Each structure stands twice: as structure tokens, then as C-alpha cells.
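What follows is each chain in one-letter form.
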Amino acid sequence: MDEGTSRIRRRVSVRKRNRPSLEILFAAPTADELKPSDDQKEEEEEEEEMAAGSPRRKAVGVPPAENNDSEEDMFGDYDSFAENSLIAQVDDLEQKYMQLPENRKHDTDLATEDLCSENIRNNQLSITTIGSFTELKTDEHTKKQSGHEDVSIKPGADLLYELPSSQVLYFENLQNSSNEFGNQSTKERDWNSSSHKTINEELPQNSIEQPQQNDEFSSKDRTSSDVNRRKSLKDHLKSAMTVNAKAQIPIFSRTKQLKETHLSEEINVAKKTIESSSDDVGPFYSLPSKVRDLYVQLKGIEKLYEWQHTCLTLNSVQERKNLIYSLPTSGGKTLVAEILMLQELLCRRKDVLMILPYVAIVQEKISGLSNFGIELGFFVEEYAGSKGRFPPIKRREKKSLYIATIEKGHGLVNSLIETGRISSLGLVVVDEALYPDLLFSLFLKNLKLHMIAEGSRGAVLEMTLAKILYTSKTTQIIGMSATLNNVGDLQEFLQAEYYTSQFRPVELKEYLKINDAIYEVDSKAENGMTFSRLLNYKYSDALKKMDPDHLVALVTEVIPNNSCLVFCPTKKNCENVAEMICKFLSKDYLKHREKEKQEIIKNLKSICSGNLCPVLKRTIPLGVAYHHSGLTSDERKLLEEAYSTGVLCLLTCTSTLAAGVNLPARRVILRAPYVAKEFLKRSQYKQMIGRAGRAGIDSAGESILILQEKDKQQALELISRPLENCYSHLVQEFTKGIQTLFLSLIGLKIATHLGDIYHFMSGTLFGVQQKILLKEKSLWEITVESLKYLTEKGLLQNDTILTEKGLTQKDSSYKSEEWFQYSFHITKLGRASFKGTIDLAYCDILYRDLQKGLEGLVLESLLHLIYLTTPYDIASQCDPDWMIYFKQFNQLSPAEQNVAALVGVSENYIGKKASGQAIKKTVDKDIVNRLYLSLVLYALLKETSIWSVSEKFNMPRGYIQSLLTAAATFSCCVLHFCEELEEFWVYKALLVELTKKLTYCVKAELIPLMEVTGVLK
């Protein structure tokens, strides 16, 4: 009800009523009827009390009514109603009209009008519509005829306004039926009759009695009819009120109502967005002007390069087609990708995935984009190392930017496909990872750097992109690279457009140094180079012996006022070169930003628990440091920041720096054309020299490749040859490639029939390049052979056995409908391997190790569990120090030595290896190596200090940190593996705690603190 409407005051009447029907108003009463009865007198007295201001009618001497839920007895002969309710008003008016003789002259419609007039007068309203209980109309002509007072009508006032909705519906139905009857009687009325009168003043209970003579027989008939009609009305009212009384008022949760309101608003916004023909929400490439201001404020970018504007306004970009674009290093490729990602997040309201090759680059990008997320209202989530949630949190308002490594990106895509949310991914950006820019040798034991063109990581990336292309037609893919050759194959694979430019913000000059002479690379020259100058640096005899390549002369030409990078073939060579250069630098270098250098040393000691590398301790005061994977991640980050700010002016580094964070330099020197013992590839060379030249600082960048005479010809071919092609490695890496792909396709139900799987393979980069890569077997045969292998290994099941005849079928046979209908489903072991992302080469070994552990799992220490979660692939590359191995083995407790016996490693075997004795008994080398790495991890969890464990096992601290990270990741994989197999239920709780210990590497009591958001950065 409206606030202006008077409140209903409830009361209970315990009087027994014998009311006449409404039709008595229209009939002439008899003489007996005109005499008030005792009951009527009592009612008249009560009405007088009401007129005098009595708030309620009083019932005296009547026992309280009993509760009764029966519909028949709910009211009985007594009614419960409001003072202004319709029943009370009808009752009052009936009594009044029974005592008015002049009203006997009025017909039915006039009586009804008086009934309405009396009700409205009591509510201070003027209702002039005759014969209607619901419609209220004010008509001046009718007012004059009826003689009603001119009373203003309040908004919303109505005769049935205060009735419950169920009763209003009843009276509306009653009105409709009465209107039909009224239309007939209206024709017979004489509206101009002078005898039409109304009552304008309140009538007292004892009003004038004017008996009227009527026919006795007619009166009895009408009275009988009136009683029946009155009874009918009463029954209808009781029935309607009964339904209304029994109706339950729904109780709504306030929280639920708010959620529904919020959802409704979001739906309306979504409808408006869909109806909108443009995604333009601002002036800066469809982005708000705030984005432009943030780039000026946070990155100092005031204007885009011309090529960036051209790329962003391409028709293919506007139409959201897939795109590959290629430019030299430092050309500003990443800025274009960032603007496209912001368009997807802010304009199209979709999530975005950015795939980067290494954890360090992921962390750098997280740091760079977090401020944009805070200011513009989207989440930036890290998927690297042990971080990341599968599937990601589903959000309705703010969208998410997922920044992931290749492996984590693959897991993220799998989880989105499995939960049916892949369409929520609007854009996938592959930055510097799709192409052979970042390809390096396999000499690093703890860091394998492979992309699509080399190794298993390329196979994983290819699988990820192929799944996105197959399952989502609305997800756009943007790929970028500094170096690219066979772009046609990649375009066909990604169904993408291609854009390229040779723009560089800073000119790059390439030089070759042979002996004392420096030559400039010139493609127009006959032999590819022209003489530039001779070095004039005065060398002593001692310096010539220490520095035959004249590195000191080359670096002192630019430092300390400008920066320089020196790429070395090995990690050890990095440290040696840094120390050698520092020996011949003058003491003046010590004074350059001296206080800031001391602050760097102080910070290094702080993050290393008071420890400091002796080499860095000697080189940092001169502004020199080394940078390679042997440093911990915290050390590398601190040195990178010092170099970026100019506190350090020279870094000696391995080729990994070229693939890592962006650290440009005025001059880049390549110590030798080798990475370890392998000669440089064209893509590696271009990536390294691409670091030369700092936009906005230098007018030009320089690169110098130091050559020996024996390498001259090969180096000339290196700088002139085209870039290497990019080839798929799905087949070369069988267990990590095509077989893993098939297992995930069937596990995710992307493709379960043989025909569908073959169709999927045809759309991969391998399918595009099958004519080049496959010489002996066809793609069809490779597909069938791989599925048969997975079936024999117990990872897949199919209804029809693949026969040898099927394997020899030629390409024409794959069109057979029978072959295409072969379907596969994943087994429990297969699902466990797929969910745990276990390398299929090791899944059966892991299963046997876990089963064997159930027979005698040693829980007196963590050593047995650590052994089960030590990565197999790292163990195969390990080369133990046998003396250290033997010493650490002897320090184990009897229970811990029992673990070694259970896995198959004896003290006798280790002792003989340490003493150099011949061993006749064959022992699994991988098991021995795996136990050695388990001892390293076990010592690390007990001591929690990487420095002390590094000294104890004579291992680089960076290697130990990488081992710890890999073990934490593999422990999580084994946990997921066990969750899918009921027989390994006992491992679940144990592995959850072990994974936490490996992830945080702190004392047990500090683990809950490390899980608090913001404590561990």
C-alpha cells in the first residue's frame, strides 16, 4: 500500500450475525422487519459507541474462539474483519437502509450507488461511478444530478484499495459479471427522473422509520431470494478470504535479492554491449584517454612509432583475425601487444592469455602491467613455477590477464576446455616464444631453452595453440618475433595475417674483430665486410697474456658512462672475464657512484643471509658483475636492476640473458662465436646483437663479434645466411609430443574418434609440414601407430583392436568410414597421467615406484617421499660427486639408509664408485642419480639455506634453486596423479604438505605465514 493510505486496524467481532442479503436493500421490508429486534438494538448501541469515538467494538461475556484450521469452520458464524472492511460497511448500510422508507422507492442501481457513497464518504472520497466497485470517475454532470458534495479525490484511492489482492481479484470478477447485468438494466432506467435522490449527510442509527405497504406474497419471495443471494455472497467472501489467509508470504534473502539485482544489471550492460556496433570506448585506439596517460606516466611513452600505428589500424586487427608480426629486437613489438590486450580486457570484456618463454620474463611483465590492472580495473595473474590456479577463478565483473610460461599456459588452456570456458578467452598473445629467436644449446643442465623449432617446449606450445584453434572460433591469436623465416607455414598453421617491418628506433652497426683490426659488416662488399679501424690501446706484456682478445680495450671505450654487455660461451668464462677486466681497470672506476655500489653489496648480503659471492665482492665496486643461471633468482634480479639504473656499467653474461629480461646496452661484445662447444646459429646471433642500442638514450648501437682466424669463413657465412626455418617437433618428441597430445585430446573429449584425431593433426604445424618432415611414413600411419602405442601401454582403450593390417594402410584407406568411427576413451592410468601432466616416458615408472612405496613407505623422515617426487628428467642428467655422495650417505640414520636399500642403492656400490673400483653388478644409474638429488633436497629442507647446501654438495646455488622449483612442481604433478587413482589415497595428505615445504623451503612453523597473500613475493 501507499504510505498515504490509512492503516487497517484489525478487530475480532464475536457477535453472531444474521444479516439480510444485499437484495433486501432493493426490496420493500415488511412491517415486522421494520421493527428492530433485540440483536439489532445491541448492534445499534455498539454503532453509537463507534460514532462517539470508541476505537473498537467490545465483546462481553463471549468465550474466546477456538483455533480451527478447517476451511469449513475457520469462520463459522463469526467473522474477523477490519473496521473499514467491505463486510462491516455492507452490514452497517444494510441496517440503515432497512430503516429508511423513502429508499424503498429506489431501484437496485440507486441502492448500490448509495452503498458506494456511504463507503466513500467514510473515507472522505467522492465516488460517482454508479454500479461499479472498482472504477472511480469524477463527472461534473453526474455530480449535479446526484447532488453529491464536491470532495477532492486522493490519488490511488479506491473502494477495494485496502483489500488483499486475492479479494480484489474476486471483486473484479464479480464486477465483470455485474456489468453485463447492469448494461441491460441501464436501458430501462430513466436517468432524467426527478425522483433520483441521494443521501449527503450521515444517518444516525435510529433514523426515520417510514413503513411502506407491499404485497405480502411478493415480499416473501423477494426475501427468500435475497437470503440465498446474501448467502452466496457470504460464501464467496469466506472462500476468497480463506485462500488469502492460507497463502504464505515468500521470504526472500536480502543477499539473494542484491545478487539478483546485480546480475540483472550485468545482463542489461551485456545486452547494451551486444547491441552496440562498436567496441570503441575512448580516443586512444578505442581505449580511454587514461590508458595514454598511464603510458606517459609509467613508461614515458608519449607517442607511438609510425609502424605501431599502422599495425594497430590494420583491417585484420580491426576484424579480429589472427596476426603474426615480425620486427627487429627493440622495435617496440611488445607495446602493440599490450594495447591489443587492453582492448580485449576493457572494450570486449574478455580474458587474455599472454605466453612467455621463461619465469623471469613472466615476473618482469607482471611487474610492468600490475599498475595498469590497478588503475583500469582488471586482474593480472601469474602462471609460472608453482603459481597459478586450475581452472582459474571465474569472475563476472573484472576480467583477468593471465601471464604464463609455456607449460603453465598449456595447463590453463586445458582447464578452460575441460570446464567449457575456453570461449571466455578472447585473446592469446605469444611473445618471443613461437619462433627460433630464443633457441640455444642443451648444455644447460637445469634450464632447457627450446621453442617450437627445437625441443619439447616447442611441442607443448604447438599443442596449446592447436587446441585453441580447434575448440574456440572466437579467440584471437597474436604472435610476434624479432626473427622469422618460413612465415608461410606459420600463417597456414595459425590461419593468420602477416605484418613485418625493418624499423629500429636506434641504428645498429655490426662489427667483426680479427686480431687488432675491426671490420664493419657490409652486405654490399665483396666478402661481406669492410675495414673500419685498428685498436690503439697500449697493452703491457702481462695484459696481452691475460687478455689476448683485447676485451679491456673494447669495454673501456664505453664504460663507465655508457653500458656494455659481454656474451661468453660458458658460465665459468663469465666469472673469469669479469675478474680479468677488473684487474686492469683504473682506480678511478671505484669513485663512479660509489655509495650506490656499496648499497648493492649490502642488499646482496641481505638476500643471501649474510653470504656474498667472492667474485661479485671484488667486481661490483668497479661497476662490473657476471650474470648466469648459477646465481639465484634474487641475485639476478638485483643485478639487473642495478644495471638498468646505470650503477653497474658492465655485465659478463651467457646467451640466456639475450632471451631474458630487456637489458639494452650501448655496445654488445660476443666473446666467441660459440655457445658452449656449438657454433652460433643465425637466430642466436641476431638475438644477442639486438640488445645493442638504447632507445631514447643512444643515437646508435654497436655489436662486435670477436673471431679467431680459423672461424673467419664460418662467421662470414653466419652473418650473411638467412634465418633458420621453424619446424614442428611433435613427432621428434614422441612422448612429450604427439602421444601426449592424443592423450589430452581424448581426455578432454576434444576428439575421441580416429577420424577426428586425424583431422585435428592435419591442422597442426606438423600437419602443415608433413611433406617436409615425413619421408617414410604418412601422417595417417603416425596417428594410428601412436594410438596403438597408448592402447598397449594401458593409457587408452578402444572397442576395436588396431591390427597390423591397419598400420600398413596407405593414405587412400583413411577415407574409409569404418576406420573413422573407431573411438577411444581414456583409462584411469591415462587420466592420472593427463591430469598430473606426467611425461608418458615416466608414467609407468612412477606408477611402479608408488606401488612399491605402499609396501614399505618409510615415514620416519621425509627422504622417501622426497625421492618419489624428485623429477626423473633432471636425474638422468645428473653427474654425482661420488666422494660427497659417499660422505653424505654415511651420515644418514639407519631408517634413512633403509630408504636407500628399498629403492635399490647400497652403500657398497657408492663406496666402490667413490674409490674408483670396478663394479660388476649392474645398477640402474637413474635410480642412483635420483637418490643423490633427493639427498640434496633433503638437506635443503632441513637447513633451508641454499648457500650451505651449495657448499656441502659443491653445486651452483642457482642449480639447487632450480632443482627445488622443479621438485615442487613435480610433487604437485604426483599429487594430481594420485588423486585420480584410488589405490594411492594414502599419498594425498602426505604430498600436500610436502609440496608446501618444497615450494616455500622454510621451517614448518612458518608455512602458514608464507601462505598469506603478500608475504611471499
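How each quantity is defined
Residues numbered from 1 in each chain as written. Predicted model: local features only at pLDDT ≥ 70, side-chain atom pairs only at ≥ 80, totals over all residues. Heavy atoms only, no water. Helix = DSSP H or I, 4+ residues; strand = E, 2+ residues; numbered from the N terminus. Buried < 20%, exposed > 50% of the residue type's maximum accessible area, 1.4 Å probe, protein only. Contact = heavy atoms within 4.5 Å. Areas by Shrake-Rupley, 256 points an atom, 1.4 Å probe, with all protein chains shown as cover. Phe/Tyr/Trp six-rings, centres within 6.5 Å; stacked < 30°, edge-to-face > 60°. Lys NZ or Arg CZ within 6 Å of the ring centre and 35° of its normal. Patch = residues over 30% accessible without salt bridge, like charges linked within 9 Å, V, L, I, M, F, W, Y side chains within 5 Å. Salt bridge = Lys/Arg side-chain N within 4 Å of Asp/Glu carboxyl O. Pairing = 2+ DSSP bridges. Axes fitted to C-alpha atoms, helices over the stretch in contact; angles between N-to-C directions. Core = buried A, V, L, I, M, F, W, Y, C linked by side-chain atoms within 4.5 Å. pLDDT = per-residue confidence, 0-100.

A. Quick look at the overall build of the chain. When helices and strands are counted, the chain shows 44 helices and 21 strands. Among the 1017 residues that make up the chain, the fraction classed as buried is 50%. Here the contacts in the chain between residues at least 6 apart in sequence split such that 74% fall between residues at least 24 apart. Within the structure as shown, the chain displays about 50,800 Å² of accessible surface, and the carbon and sulfur contribution to it stands at 50%.

B. Structural view of the packing of aromatic side chains. Scanning the entire structure with this criterion turns up 19 aromatic pairs. Between the aromatic rings of Tyr674 and Phe679, the centroid separation amounts to 5.3 Å while the plane-to-plane angle is 85 degrees, which identifies the pairing as edge-to-face. Judged by relative accessible area, Phe679 falls into the buried class, the value being 16%. Ring centres of Trp882 and Tyr885 lie 5.6 Å apart, and the angle between their planes is 15 degrees; this geometry places the pair in the stacked category. Residue Trp882 and its partner Tyr885 are located together in helix H37 (residues 882–890), separated by three residues, close to a single helical turn. A single burial state applies to Trp882 and to Tyr885, both of which are buried. An aromatic cluster of at least three residues, connected via ring pairs, comprises Trp882, Tyr885, Tyr909, Tyr932 and Phe953. A cation sits over an aromatic face here: Arg395 above Phe379, 3.9 Å from the ring centre. The positively charged end of Lys398 is found above the aromatic ring belonging to Phe379, 5.6 Å away from the centroid.

C. Broad picture of the environment of Leu730. Within the secondary structure, Leu730 is located in the loop between helix H25 (712–720) and helix H26 (738–747). According to the relative accessible area criterion, Leu730 is buried, its value standing at 0%. Considered as a pair, Leu730 and Thr764 are 34 residues apart in the sequence and their alpha carbons are 9.2 Å apart. In contact with Leu730, not counting residues within four places along its chain, are Ala459, Glu462, Met463, Gly737, Ile738, Leu741, Met761, Thr764 and Phe766.

D. Molecular detail of a nonpolar patch on the surface. A cluster of nonpolar side chains, contributed by Leu854, Trp985 and Val986, occupies part of the molecular surface with about 300 Å² of accessible area. Mapped onto the elements, Leu854 comes out in helix H34 (residues 843–855). Overall, the relative accessible area of 38% leaves Leu854 in the partly exposed class.

E. Broad picture of the sheet that holds strand S13 (residues 564–567). The eight strands are arranged S12-S11-S10-S19-S16-S13-S15-S14 in an open sheet whose pairing can be described as mixed. The open sheet terminates on both sides in strands that have one partner only, identified here as strand S12 (529–534) and strand S14 (624–627). Neighbouring strand axes in the sheet, compared pairwise and without regard to direction, differ in orientation by 25 degrees on average. One ladder, built from four bridges, connects S13 with strand S15 (residues 650–653); its direction is parallel. When the bridges of S15 are listed, Leu565 appears paired with Leu651.

F. Spotlight on the environment of Thr922. Tracing the backbone shows Thr922 in the loop between helix H39 (907–915) and helix H40 (925–943). When its relative accessible area of 72% is taken as the criterion, Thr922 is described as exposed. When the C-alpha positions of Thr922 and Tyr909 are compared, they lie 9.8 Å apart, and in sequence the two are 13 residues distant.

G. Broad picture of the nonpolar core. Ranked by internal contacts, the top residues of the largest apolar core, which has 125 residues, are Leu353, Val428, Phe742, Leu850, Tyr885, Phe953 and Phe977. Here this core gets 12 residues from one element, more than from any other, and that element is helix H42 (residues 957–979). Those residues in contact with Leu353 that lie beyond four places of it in its chain are Tyr402, Ala404, Gly409, Leu412, Val413, Leu425, Leu427, Val428 and Val429. Grouped together as the second largest cluster of nonpolar side chains are 76 residues, Leu585, Leu631, Leu650 and Leu670 included.

H. Up close: the sheet that holds strand S8 (residues 476–481). In spatial order, the strands read S5-S6-S4-S7-S8-S3-S9; together these seven strands make up an open sheet with parallel pairing. The strands lining the two open edges of the sheet, one partner per strand, are strand S5 (379–383) and strand S9 (496–500). Direction aside, the axes of adjacent strands within the sheet are offset by 15 degrees on average. Where strand S4 (residues 351–355) lies against strand S7 (residues 425–431), five bridges are found, and the strand directions are parallel. When the bridges of S7 are listed, Ile355 appears paired with Val430. On top of the sheet, helix H15 (residues 456–471) reaches strand S3 (322–326), S4, S7 and S8; it is set at about 155 degrees to S7, its chief contact.

I. Seen up close, unusual backbone geometry. Following Phe390, the chain continues into Pro391 via a peptide bond in cis, with omega recorded as -10 degrees. Position of Pro391 among the secondary structure elements: in the loop between S5 and strand S6 (400–404). Of note, the amide linkage connecting Ile559 to Pro560 takes the cis form, showing an omega dihedral of 5 degrees. Non-glycine residue Tyr285 carries a positive phi angle of around 50 degrees. Inspection of the secondary structure puts Tyr285 in the loop between helix H8 (254–275) and helix H9 (289–299).

J. Up close: the confidence of the model for the chain. Per-chain confidence: the chain averages 76 in pLDDT, with 68% of residues scoring 70 or above. Counting interchain partners and residues more than four positions distant, the pLDDT-below-50 stretch residues 274–278 has zero contacts.

K. Region of the structure containing the pattern of salt bridges. All chains considered together, the criterion is met by 22 salt bridges. Two residues, Arg348 and Glu344, come together in a salt bridge whose shortest N-O distance is 3.1 Å. Given the relative accessible area of 21%, Arg348 is considered partly exposed. On the accessibility criterion, Glu344 (1% relative accessible area) is buried. A salt bridge links Lys788 to Glu792, with the shortest nitrogen-to-oxygen separation between them at 3.9 Å. On the criterion of helical spacing, the pair formed by Lys788 and Glu792 is a turn pair, its members being four residues apart in helix H30 (residues 779–792).

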